[in-house]
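Summary of the model geometry
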Amino acid sequence: MRLKFGLYVRFLLWVGLTMVFTTSTLTAQKSELSSDFHKKRREVLRSQLPENSIAVLFSAPIRNRSNDVDFVYHQDPSFFYLTGWKEPHAVIVIYSTPQTDENGTYSEKLYVRERDAFKEMWNGKRLGVKGAQEMGFERVAERSAFVMNENDYLRYNKVLMMEVRDDIHDESDDPYDLYDLQKTFKKQINYPDNFDAFRFRIYESIRTLTEDNVESLKRALDYYISNDPSLMEDPIIADFLNGTQPNFLQELKTKTTIELREYNFDIDQLSAILTDMREIKTEEELILLKKAIQISAQGQVEVMKAIHPGMSEREIQGIHQLVYKKYGAAHEGYPSIVGAGENACVLHYIENDKTQLNNELILMDLGAEYNGYTADVTRTIPINGTFTEAQRQLYQIVYDAQNAGIDAARVGSDFRKLSQASFDVVAKGLLALGIIESEKDYRRYLPHGISHHIGLDVHDPGNYGAFEAQMVVTVEPGIYIPEGSPCDPKWWNIGIRIEDDILVTEDAPVLLSSGAPRAWEAIEAMMKEASPLDDFILPELTLE
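In this text the structure is predicted, and so the values were computed from the model without any measurement. (Residues numbered from 1 in each chain as written. Predicted model: local features only at pLDDT ≥ 70, side-chain atom pairs only at ≥ 80, totals over all residues. Heavy atoms only, no water.)

On to the overall build of the chain. Broken down by element type, the chain carries 17 helices and 19 strands. Compactness check: the chain gives a C-alpha radius of gyration of 27 Å against a globular reference of 24 Å for 544 residues, within 12% of the reference. Overall, the chain is about 70 × 65 × 50 Å in size when its C-alpha atoms are taken along their principal axes. Burial status across the chain gives 51% buried among its 544 residues. Of the roughly 27,000 Å² that the chain leaves accessible, carbon and sulfur atoms contribute 50%. Distance between charge centroids for the chain: 3 Å, based on 57 positive and 86 negative side chains. (Helix = DSSP H or I, 4+ residues; strand = E, 2+ residues; numbered from the N terminus. Rg over C-alpha atoms; globule rule 2.2 N^0.38 Å. Buried < 20%, exposed > 50% of the residue type's maximum accessible area, 1.4 Å probe, protein only. Areas by Shrake-Rupley, 256 points an atom, 1.4 Å probe, with all protein chains shown as cover. Lys, Arg positive; Asp, Glu negative; His and termini not counted. Charge placed at Lys NZ, Arg CZ, Asp CG, Glu CD.)

Another point: the layout of surface pockets. In this model, the largest pocket occupies a volume close to 1,200 Å³. Taken together, 37 residues form the lining of the largest pocket, with I62, D70, P88, R113 and N123 sitting closest to its centre. Going through the elements one at a time, β3 (69-70), α4 (117-123) and α7 (178-188) are the ones with two or more residues in the lining of the largest pocket. It is α4 that contributes the most residues to the lining of the largest pocket, 5 residues altogether. In terms of residue class, the lining of the largest pocket is built from 15 nonpolar, 6 polar and 16 charged. (1 Å grid on protein atoms, 1.4 Å probe; cavity = no way out; pocket = protein on both sides within 12 Å on 5 of 7 lines; lining within 4 Å. Points joined across faces, edges and corners; volume = space filled by probe spheres on them. Nonpolar A, V, L, I, M, F, W, Y, C, P; charged D, E, K, R; others polar.)

Helix α16 (residues 415-432) packs onto helix α15 (residues 389-407) with a crossing angle of 155° between their chain directions and a minimal axis gap of 7 Å. On the basis of the axis angle, α15 is roughly antiparallel to α16. Regarding α15 and α16, the two cross each other, and that crossing is right-handed. Counting all contacts with α15, which are made through L394, I397, D400, A401, Q402, A404 and G405, the residues of α16 involved are L418, A421, S422, V425, V426, G429 and L430. When its residues are assigned to classes, the contact of α15 with α16 shows 9 nonpolar, 4 polar and 1 charged. (Axes fitted to C-alpha atoms, helices over the stretch in contact; angles between N-to-C directions. Parallel < 35°, antiparallel > 145°, perpendicular 65-115°, else oblique. Left-handed = near helix turned anticlockwise from the far one by under 90°. Contact = heavy atoms within 4.5 Å.)

So, about the sheet that holds strand β15 (residues 472-475). Taken in spatial order, the 3 strands make up an open sheet running β15-β18-β19, and their pairing is antiparallel. The two strands at the open ends of the sheet, each matched to only one other strand, are β15 and β19 (510-511). Bridge count between strand β18 (residues 500-503) and β19: 2 bridges; the pairing is antiparallel. Within β19, the position partnered with I502 by the bridge is L511. (Pairing = 2+ DSSP bridges.)

Right, dumping it as structure tokens:
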């Protein structure tokens with residue numbers, strides 16, 4: 001049994017905190033997606049499938065943490081998007097044209113785990129076939145049927161699928177686990193054991209290439225070959241790169257067509273369709289995203305009020321997590337970045353183990369995940385409540401750069417213009433402070449991108465072209481000056497990032513994370529407010 005005394009202690013701790021740390025009516029908002037939402041998503045996907053095709057999508061694998069302990073299960077975001085199904089070892093099949101059985105016609109079939117009273121006693125209730133039917137799926141079967149029945153995939157013009165994962169554990173006592181589901185599927189579509197997805201994509205690119213894009217593909221292949229010279233051992237790739245004769249492209253298009261004709265599966269088209277769908281949020285999705293963002297912003301606010309010298313990075317992270325849990329967010333959407341001083345200059349610092357924080361900046365990049373949808377909000381604040389002159393000067397550059405980026409997050413603009421607007425401000429600001437000698441050197445201190453989609457993934461799928469209404473994106477410029485940088489040492493170990501979540505509309509951008517102060521003056525003012533955690537003092541631990 002894993003029910004330990006520590007659970008009781010945490011429960012008492014939780015009760016104590018809830019008496020002093022009450023939440024607003026935000027917790028009362030409706031948050032769950034309806035079965036109708038997922039059904040409509042499947043209908044949109046089905047409408048975009050090629051003629052006489054099917055789409056096959058598997059649930060996420062269970063991941064092992066250590067020994068006999070697994071991580072909390074997290075469903076594949078696209079699988080959840082289409083189904084709302086949160087259990088493992090499942091498959092959804094969606095048909096472009098209606099199929100017929102003894103009960104009539106149908107266009108989809110979900111395969112799920114069977115009910116099992118003994119296993120449910122240990123690991124929780126399973127919905128089973130009946131539970132799935134109640135969610136509105138046209139056909140549902142136990143997963144064993146997917147393995148036992150011979151499916152004639154070759155009768156379809158195209159089988160759309162995601163790239164096959166090769167890191168799925170085979171549970172030896174379960175003949176119908178995800179490993180077996182995928183193994184059966186691969187066999188029935190004649191998926192080769194030595195299938196090379198990268199070469200497959202290159203062949204497909206050559207097969208569909210136009211004369212206008214030959215040089216562009218050659219440049220891309222030159223880059224890939226610089227990292228993997230073995231690609232030149234492939235005769236088709238070598239002939240393409242060396243081809244100069246008038247008819248060389250047509251000859252290679254014929255060769256790649258012959259090479260690919262034995263495959264009626266496609267590993268990219270399903271992902272492309274889902275990317276188009278997921279980058280535009282529905283109204284139901286926006287409700288969940290807005291709540292996740294508000295929760296995350298409130299976490300930043302509570303930390304601003306509670307932080308003081310002597311605390312640890314992990315303690316600060318814990319305050320964020322407490323706020324998330326109080327508002328009903330089950331998880332963080334990604335590993336939290338809580339870095340003070342020199343740690344703020346490490347872009348993906350997640351150890352969060354520095355103790356005894358002093359008069360330095362702390363960068364806090366965290367996002368609550370609410371009903372699967374995750375926010376992404378970053379604030380950088382002075383631990384003692386007041387920015388130094390050097391900190392303030394750099395912070396103002398980042399703040400101005402973010403405002404320029406936010407203003408560009410509108411219909412008619414695009415990701416490139418947004419990024420460039422922020423880059424320009426940072427470059428000019430660093431030059432004005434004498435930190436760089438030329439504007440082109442700004443990338444030394446701002447090495448990352450400025451914006452990405454958020455949604456079911458913190459880096460949600462997107463095409464990263466023109467902005468459209470109902471997109472939700474981040475704007476997150478930063479400046480990071482680690483010790484030893486070629487500038488005045490007074491700038492060393494200052495790392496600053498400000499990140500907010502923006503709803504693109506037909507009009508002006510909407511700052512969804514406005515609940516957390518951004519301007520340095522507003523941050524200092526917030527840090528002067530009392531915290532409900534001021535009186536939360538734990539006793540010293542004693543070891544007998």
